[in-house]
Amino acid sequence: SIFWMAKPFMEIVDRGFSLGVDKILDIGQGTLLADFMGHGLVASLGSVMVFIPQIFILFVGIGILESTGYLARAATLIDKPFSKLGLSGRSFVPILSGFACAVPAIMATRNISTRRERLITNLVIPLMTCSARLPVYALLLSFLFKDDAPWKPGVALAAIYMFSLVLGSFAAMILNRMIARKEKSFFMMELPLYRMPRLKILLSHSMNRTKAYALKAGPMIFTFAVLIWVGTTFPNYNATSAQQKLESSYLAHIGRSFEPVLAPMAVDWRVGVGLLSAFAARETFVSSLAIVFNITD
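Rules behind the numbers
Residues numbered from 1 in each chain as written. Predicted model: local features only at pLDDT ≥ 70, side-chain atom pairs only at ≥ 80, totals over all residues. Heavy atoms only, no water. Phe/Tyr/Trp six-rings, centres within 6.5 Å; stacked < 30°, edge-to-face > 60°. Buried < 20%, exposed > 50% of the residue type's maximum accessible area, 1.4 Å probe, protein only. Lys NZ or Arg CZ within 6 Å of the ring centre and 35° of its normal. Salt bridge = Lys/Arg side-chain N within 4 Å of Asp/Glu carboxyl O. Helix = DSSP H or I, 4+ residues; strand = E, 2+ residues; numbered from the N terminus. 1 Å grid on protein atoms, 1.4 Å probe; cavity = no way out; pocket = protein on both sides within 12 Å on 5 of 7 lines; lining within 4 Å. Points joined across faces, edges and corners; volume = space filled by probe spheres on them. Nonpolar A, V, L, I, M, F, W, Y, C, P; charged D, E, K, R; others polar. Patch = residues over 30% accessible without salt bridge, like charges linked within 9 Å, V, L, I, M, F, W, Y side chains within 5 Å. Areas by Shrake-Rupley, 256 points an atom, 1.4 Å probe, with all protein chains shown as cover.

Asker: Please provide a residue-by-residue account of the packing of aromatic side chains, values included.
Answerer: For the coordinates displayed, the defined rule picks out four aromatic pairs. Ring plane angle 90° and centroid distance 5.8 Å describe the contact between W229 and F234, whose orientation is recorded as edge-to-face. By relative accessible area, which is 8% here, W229 ends up buried. With relative accessibility at 21%, the residue F234 sits in the partly exposed group. Here the guanidinium or amino end of R73 rests over the ring plane of Y194, the centre of that ring lying 4.2 Å away.

Asker: Just give me the short version of the pattern of salt bridges, but keep the residues and values in it.
Answerer: Per the stated rule, a full pass over the model turns up two salt bridges. Notably, a salt bridge pairs E66 with R209, separated by 3.7 Å at the nearest N-O pair. You can see E66 sitting in helix α3 (residues 52–68) and its partner R209 sitting in helix α10 (residues 199–216), a full 143 residues away along the chain. Its relative accessible area of 37% is what places E66 among the partly exposed residues. The residue R270 makes a salt bridge to D268 at a minimum N-O spacing of 2.9 Å. With relative accessibility at 25%, the residue R270 sits in the partly exposed group.

Asker: Requested: an account of unusual backbone geometry, with residues and values cited.
Answerer: Note that the residue after F234, namely P235, is joined by a cis bond; omega there is 5°. With respect to the helices, strands and loops of the structure, P235 is situated in the loop between α11 (218–233) and α12 (242–247).

Asker: Now, about the layout of surface pockets: what can you tell me, with residues and values included?
Answerer: Gaps left between atoms are located by rolling a probe of water-molecule size over the structure's atoms. Computed from the structure, the second largest pocket encloses a volume of approximately 350 Å³. At the level of secondary structure, the elements contributing two or more residues to the lining of the second largest pocket comprise α8 (134–144), α15 (269–277) and α16 (284–292). Looking at the lining of the second largest pocket element by element, the count peaks at five residues for α8. Residue composition of the lining of the second largest pocket, grouped by class: eleven nonpolar, one polar and one charged.

Asker: Outline the environment of P260, supporting the account with residue identities and numerical values.
Answerer: Relative to the assigned elements, P260 resides in helix α14 (residues 259–262). The spatial distance from the C-alpha of P260 to the C-alpha of A171 is 27 Å, given a sequence separation of 89 residues.

Asker: Could you give an account of the environment of N111, naming the residues involved and the relevant values?
Answerer: For N111, the position within the fold is in the loop between α6 (102–107) and α7 (115–124). Along the backbone, N111 and D35 are 76 residues apart, and their C-alpha atoms lie at a distance of 41 Å.

Asker: I'd like to hear about a nonpolar patch on the surface, residue by residue, with values.
Answerer: A cluster of nonpolar residues, F163, V166, L167, F170 and M173, forms a patch on the protein surface that exposes about 470 Å² of accessible area. Locating F170 in the fold gives a position in helix α9 (residues 151–178).

Geometry only, nothing functional implied.
As structure tokens, this is what we get:
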């Protein structure tokens, strides 16, 4: 639900901020100030606000499971296998949410009482295959299986999802041995009666939690997005084309500096720039490659 239900709302938010960027660029007529206001501030703010529908739907979903009494039972069922990995049943929903988006999933770890289990869960969640990676996987799989039957990339994508679970389990086991256990962990949860959720209370709690995300996590993501704009714009901000601007940017210089690390992968600094841009949002990897490789189609 976090993925497909939020998608139309995320597209509306994204389209709204994109129109705002285009309007600012039209008014500013290509000046540096207009570029900063549009691509730097408005687009960066959009990269924060686009998560709001996912965050809200996540908290509505968790609220429904909590208020009906089912979440306590699901967490209890998964607690025993999770205990082998140094986790508890409280890590179930955050890890499951990580397959939609790591940002709301990490937000959902706040209900884990033990700091050690919360840390392990937070470190494992980014290993789950979130929806933002789907454009990257689609690009790579269509390249690798270009002339093969359609079911082959489908099986490969399913294998990637399964491998993320296996990799996350191994990572949790290793972290369980590395991180010292300062307090005894136990899982105790009351199993409430099944009941119908109250819509007004549910929406109110979800709205408050979403607002907390926007006020706490938002400024950090916004700042990083502005830094990405600065890194891809300067020093040659008067370049005639987006490709020329990117190739001579600070981010390109940084990409070239760790090109020897990328050499065993048979790729150059341009892929490195794509990887750097993916720190702001994973799906931007594809669009960054399109710019830096000068792909017009």
